[in-house]
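Letter by letter, the chains look like this.
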Amino acid sequence: MHQALLIPELLPEIFKFLHVSLSEKTTFGPHSIWYAVPISRKSLAALARTCKAFHEPAMDLLWSEIEVLESLLGCVPRLHPLIYCDGRMRWDWVRDSRPLSADEAHQFLRHSARVRSLTIMSDVDHRSRLHFFSVTPTELYNFPRLRSLTVYTDYLNIFPPHTLHHCYPVTPDIQSILICFANLEHFCVKIPYDMVDSTADLLSRISDTVRLCKQLATLSCPLIDWAAWRHLSNLSTLKRVDIVDMSSDAVLPWPLEWNITSFSPFSNVTILSFELHSAAYVIPILQHSQFPSLKKFNIHVEVLSLPETVQLFHVLSKCKACKTIEKISISSRYRRDHNPSDDSLSVMPHLRCFMRLRSLHLSCFDFYLNLDNDFLLKIMSTWPHMRCLEVEDCRFDHSPVTFQGVFAALRLCPQLHKLRIAIDNTTIDLDPDFEPMQNPSLRMLDLRISVMPKIANAEALACTIFSCFPHLKRVGFISGHWNEVNGHLDSLRGVPWCVKRAASNN
């Protein structure tokens, strides 16, 4: 054996490279779902059996990440033949209804001291596993090195709270584990789909729990009250907040202005994301916050009125975030049977203050955006380092943006990777003397066109596109409308660049 392998501090570092490995597929589940099993686990198991020097570091890594509870339950001799059949883990193995005895609990916890990340995914039979832990005292179930826990809340009673640093319960019944949250770094709580119209009492209990978290780095949860927001604003550890509420009720469970006071700055929050029914909940948060480090702001709502959009831009521009934000995404859900208002919005006046903007996504289907060639030119000239631009509204039948406007704007933004916008495809208005200028950065060009399926002068357009954007493989928001152009692009890809240039000039 090489002398380097005898150094205790070095051996675990060498074994860690096995975590970045290929994987093989095995069937898992009642419908033969493909489930990836890392080959590294087999390699680590083999190393653990090689010699005493390899055993402990290999076992520490082998049991450090547990993705299914069955891995631990399989250590119980009574349950092992039920869980594993022909070398495969069964999905419907739960047959023995006897809870774990004290001795079996020790067998279940045989490797618990090595576990750092434990995932107990939800499934149709998740409660059928709970009875295994119903007899043995909960203080027996100790995972002293546990740092990450993804679990149905029903299972949290088996984990002593002082061990938790990361916790992702996916049901809202959290009263029994309040004490464990003080040291959480990552907290994610989701309301089941059959309870989307949650009560004010439920949301208040979630808010109370959030206020117990003192070390959060990321938070993902339904609506929380203003007291919880005030608590979060003072957490220097907080980096990301995601608020997701699938409620079909547009009425908030508490008054918007109820007992709200100015929040102190969210000093280190870089990502702020909302998925809600409307923007009404978000606007007061931005009005009373600063977010001096914010880089990404995302909001997706069911309905987004023009007044709310204007107010949203206004309060966002008044935050310190206007000096740091790089990505803005504001979108509403498209509804086929919806008749939008005739109102329109000029976006540029509301965007100019965000000088570090690199990505802009606007999808507003409840009113019209003033989209034209001039808008594109202003966007590209104001932010020449823009990487992604996606703008769409309810105007499906006609767009004032033309090919000439798109190509002229792209000249000003050489680092753009993605452009998605509606375009008028009825005429190719490019100047005959148009001199192609290469933009090697563009990778995605999604142009939504009118209902007419045929693109005029498809071959000439493909040559021009290929000359300007050598790394662009396909064009089109709806691929069927662009099949002819994309067919010519496929043909041109094997042609030397000098021949491409000559073809485009002709």
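None of these values were measured; they are calculated from a predicted model. (Residues numbered from 1 in each chain as written. Predicted model: local features only at pLDDT ≥ 70, side-chain atom pairs only at ≥ 80, totals over all residues. Heavy atoms only, no water.)

K.L.:
So what's going on with the overall build of the protein? Residues and values would help.
P.N.:
From N to C terminus, the protein includes 16 helices and 20 strands. Going through the 506 residues of the protein one by one, you find that 46% of them count as buried. Total accessible area computed for the protein in this model is approximately 24,300 Å², and 55% of it derives from carbon and sulfur atoms. (Helix = DSSP H or I, 4+ residues; strand = E, 2+ residues; numbered from the N terminus. Buried < 20%, exposed > 50% of the residue type's maximum accessible area, 1.4 Å probe, protein only. Areas by Shrake-Rupley, 256 points an atom, 1.4 Å probe, with all protein chains shown as cover.)

K.L.:
Give me the lowdown on the nonpolar core, citing residues and values where you can.
P.N.:
By size, the foremost hydrophobic cluster in this structure holds 101 residues, and its most contacted members are Trp 229, Phe 274 and Phe 297. Here this core takes seven residues from helix α14 (residues 458-468), the largest share from any one element. Dropping the residues within four chain positions of it, Phe 274 is found in contact with Trp 229, Ile 243, Tyr 281, Val 282, Ile 285, Phe 297, Asn 298, Ile 299 and His 300. Counting residues in each nonpolar core, the second largest holds 30 residues, with Leu 79, Ile 83, Phe 108 and Leu 118 among its members. (Core = buried A, V, L, I, M, F, W, Y, C linked by side-chain atoms within 4.5 Å. Contact = heavy atoms within 4.5 Å.)

K.L.:
Let's hear about the environment of Ser 207: which residues, and what values?
P.N.:
Inspection of the secondary structure puts Ser 207 in helix α7 (residues 200-210). Given the relative accessible area of 0%, Ser 207 is considered buried. With 15 residues separating them along the chain, Ser 207 and Pro 222 place their C-alpha atoms 9.1 Å apart.

K.L.:
Tell me about the side chain of Glu 390, and name the residues and values.
P.N.:
Its location among the elements puts Glu 390 in strand β18 (residues 388-393). Of note is the side chain of Glu 390, whose polar atom sits 3.5 Å from the side chain of Arg 420. Contacts of Glu 390, omitting those with residues within four sequence positions, involve Leu 360, His 361, Leu 362, Lys 418 and Arg 420. (Polar contact = N/O pair within 3.5 Å; in protein donor to acceptor, adjacent residues only side chain to side chain.)

K.L.:
Can you explain the pattern of salt bridges? Please cite residues and give values.
P.N.:
Applying the stated criterion across every chain yields a total of 16 salt bridges. Asp 208 is paired through a salt bridge with Arg 211; the nearest N and O atoms lie 2.5 Å apart. Residue classification places Arg 211 among the partly exposed positions, given a relative accessible area of 27%. Ionic pairing is found between Arg 211 and Asp 225, a salt bridge with its closest N-O pair at 3.4 Å. Taken as a pair, Arg 211 in the loop between α7 and β10 (218-221) and Asp 225 in the loop between β10 and α8 (226-233) lie far apart in primary sequence, 14 residues in all. (Salt bridge = Lys/Arg side-chain N within 4 Å of Asp/Glu carboxyl O.)

K.L.:
Before we move on, could you go through the confidence of the model for the protein and cite the residues and values that matter?
P.N.:
In the predicted model, the protein carries a mean pLDDT of 76, and 71% of its residues have values of at least 70. Throughout residues 170-180 the model reports pLDDT below 50, and contacts reaching past four residues in sequence, or to other chains, amount to 33 contacts. Counting contacts from residues 496-506, a segment whose pLDDT is below 50, to residues more than four positions away or on other chains yields 16 contacts. (pLDDT = per-residue confidence, 0-100.)

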